[in-house]
Amino acid sequence: MVIPTAALPTQRASVQQSSAAGRRSRFASHRTSGFVESVIREMSRLAVQHGAVNLAQGFPDFPAPPSIKQAAIDAIDADINQYSVTWGAKPFRDAIAAKYRNTYGLALDPEREITVTCGSTEAMIATLLATTNPGDEVIVFEPFYENYFPDTQLCGATRKLVTLHPPHWSFDPDELRRAFTSRTKAIIVNTPNNPTGRVFTLEELTIVANLCQEFDCLCITDEIYEHILYDGLQHIPVLSLPGMRDRTVLINSMSKTYSVTGWRVGWTLAAPDLTESIRKVHDFLTVGAASPMQQAGVHALASSPSYYGDLASHYGERRDLIMDILTGSGFSPLRPQGAYYVMADISKFGFPNDRAFAMHMVENIGVSCVPGSSFFETPGVGDQWVRFCFCKKTETLEAARARLAKLAA
Ligand code: GLN
């Protein structure tokens, strides 16, 4: 079902409005209306408030790799503490270029095609601000990572939603084609996907790539779970597909691959003309990402293939563990192919909606999850889903299992 979002109510709701929320300042701009604070981060705060096991916000609760931490400490000690060049320290851009050359055989010019940003979050909003005009259409698969809503909203772009259908979270190619119009500026593709864990196939990505070329639009790819893949699946950057080199903006970051979500170091890869526009926005938004963290990134991105293999296999074990825990606790979870989230159907519990269920979970059961509706815009569709993340220590996941026993009781 393709739904032009202009036809939908744009007000997004938080799970539990904070005291300040709901009262809009008379000074607030129009562009801040229509969305609320992040529900993911709200659920994280509620987890702390209620002492719940936090399976809401996707960040690891185990240490980052010691050598990567040491590289950051060394960089600070070496006084790499001042601004880098706004689009990223040269050694880090070189390291990014080397990684894509070695991993995918992609040749990128660090001088003209790489921009280092404050995480992929900034990379996405900078890219959208740099490429869309108010009224342009941006195609988004639903369910989607919640940031894409405010990102497009802030740009004045109209979202065109294309459904990912459970249980495999696949799209109907005819529905996708119907979403493209002469006003389409871009499509956002997030693979491996948050929140579904879907990894798009070469066939699916080729359909997307062909439509982008037919309708002369941009493909913006969020690839931050690139190395978190299960069951032997391989990641395919759309940028590497025929005809896509000049019309793709690839977004990635250090956050998930190196377990440093708080460092805020990401990047965009795009053809020189696109990069020039992105750099202009990035410069005035943030000046640049933290210099010592970029220096540590030089070390991180030179990690051996075994690092990435171990990352995927450790997360694979946790994926199996959370599936076992959720199934045993009465949920109907859908097995993810990648990333570190699982969508679970809650209809067996008989709650009116996902928000009521998530509040019950955090207040009474002691486990925090994210209400599914925060990943959907179409009213009602996400009401019987919640998302759990499993980028946590085994002990944390086992603590959640113990608490979830109360749910069945
Ligand atoms: N990507 C993470 C998630 O989906 C963190 C979100 C955030 O707080 N930016 O949970």
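Everything here concerns the structure above.
Residues numbered from 1 in each chain as written. Predicted model: local features only at pLDDT ≥ 70, side-chain atom pairs only at ≥ 80, totals over all residues. Heavy atoms only, no water.

Novice: What is the right way to look at the side chain of Gln294 in this model?
Specialist: Considering the arrangement of structural elements, one finds Gln294 in helix α9 (residues 291–300). A relative accessible area of 1% places Gln294 in the buried class. Side-chain polar atoms of Gln294 contact the backbone nitrogen of Ala89, separated by 2.8 Å. In terms of polar contacts, Gln294 uses its side chain to reach the backbone carbonyl oxygen of Ala289, at 3.0 Å. Setting aside residues up to four positions removed in sequence, Gln294 forms contacts with Ser84, Gly88, Ala89, Phe92, Val116, Val265 and Ala289. (Helix = DSSP H or I, 4+ residues; strand = E, 2+ residues; numbered from the N terminus. Buried < 20%, exposed > 50% of the residue type's maximum accessible area, 1.4 Å probe, protein only. Polar contact = N/O pair within 3.5 Å; in protein donor to acceptor, adjacent residues only side chain to side chain. Contact = heavy atoms within 4.5 Å.)

Novice: Explain unusual backbone geometry to me, please; I cannot follow it from the model alone.
Specialist: Negative phi is the rule for most residues except glycine; trans is the rule for most peptide bonds. In this structure, Pro167 follows Pro166 across a cis peptide bond, with omega equal to 10 degrees. Omega for the peptide link from Thr191 to Pro192 comes to -10 degrees, which places this bond in the cis form. Examined against the element boundaries, Pro192 turns out to sit in the loop between β6 (184–190) and α7 (202–214). You will see that Arg264, though not glycine, has its phi angle at about 60 degrees, which is positive. Along the polypeptide, Arg264 turns up in the loop between β8 (248–253) and β9 (266–269). Even without a glycine there, the phi angle at Val287 is positive, about 65 degrees. Note on placement: Val287 falls in the loop between α8 (272–286) and α9. Since its relative accessible area comes to 36%, Val287 is described here as partly exposed.

Novice: What am I meant to see in the packing of helix α1 (residues 39–50) against helix α11 (residues 354–365) here?
Specialist: Packed helices, taken two at a time, are described by their axes: the angle between them and the distance between them. Running from amino to carboxyl end, α1 crosses α11 at an angle of 30 degrees, the nearest separation of the two axes being 9 Å. With respect to α11, the axis of α1 lies roughly parallel. Residues Met43, Leu46, Ala47 and His50 of α1 lie in contact with α11, whose contacting residues are Ala358, Met359, Val362 and Glu363. Among the residues making up the contact of α1 with α11, the classes are represented as six nonpolar, one polar and one charged. (Axes fitted to C-alpha atoms, helices over the stretch in contact; angles between N-to-C directions. Parallel < 35°, antiparallel > 145°, perpendicular 65-115°, else oblique. Nonpolar A, V, L, I, M, F, W, Y, C, P; charged D, E, K, R; others polar.)

Novice: So what exactly am I meant to see when it comes to the site of the ligand here?
Specialist: Close to the ligand lie Ile40, Arg41, Gln57, Gly58, Tyr145, Asn194, Tyr225, Lys256, Tyr341 and Arg387. Take Arg41: an N or O atom from its side chain is 2.7 Å from a nitrogen atom of the ligand. Between Gln57 and the ligand, the recorded distance is 2.6 Å, taken from a side-chain N or O atom to an oxygen atom. For the ligand, the accessible surface in isolation is 300 Å², of which the surrounding protein chains cover 89%. By residue class, the composition of the shell around the ligand is four nonpolar, three polar and three charged. (Near = heavy atom within 4 Å. Areas by Shrake-Rupley, 256 points an atom, 1.4 Å probe, with all protein chains shown as cover.)

Novice: I'm lost on the pattern of salt bridges in this one. Help?
Specialist: When the charged atoms of two side chains with opposite charge come close together, those side chains can pair. For the structure shown, the criterion picks out 19 salt bridges. Asp320 is the partner of Arg319 in a salt bridge, and the nearest nitrogen-oxygen pair spans 3.1 Å. On the basis of relative accessibility, which here comes to 3%, the residue Arg319 falls in the buried class. On the basis of relative accessibility, which here comes to 37%, the residue Asp320 falls in the partly exposed class. The closest approach of N and O atoms between Glu398 and Arg401, which form a salt bridge, is 2.8 Å. One end of the pair is Glu398 and the other is Arg401, both in helix α12 (residues 394–408) and three residues apart, which spans about a single turn. When its relative accessible area of 32% is taken as the criterion, Glu398 is described as partly exposed. Three or more residues are tied together by salt bridges with common partners; here these are Lys90, Arg93, Asp94 and Glu111. (Salt bridge = Lys/Arg side-chain N within 4 Å of Asp/Glu carboxyl O.)

Novice: Explain the environment of Glu37 to me, please; I cannot follow it from the model alone.
Specialist: Position of Glu37 among the secondary structure elements: in the loop between β1 (3–4) and α1. Put simply, Glu37 and Ala13 are 24 residues apart on the chain and 8.6 Å apart in space, counted from C-alpha to C-alpha. Not counting residues within four places of it along the chain, the set of residues in contact with Glu37 comprises Glu42 and Arg45.

Novice: I'm lost on the packing of α11 against α12 in this one. Help?
Specialist: Interaxial distance between α11 and α12 falls to 10 Å at its minimum, and their mutual angle equals 115 degrees. Handedness of the crossing formed by α11 with α12: right-handed. Packed against α11, whose contacting residues are Phe357, His360, Met361, Asn364 and Ile365, the element α12 presents Arg403, Leu404, Lys406 and Leu407 at the interface. Its residues assigned to classes, the contact of α11 with α12 shows five nonpolar, two polar and two charged. (Left-handed = near helix turned anticlockwise from the far one by under 90°.)

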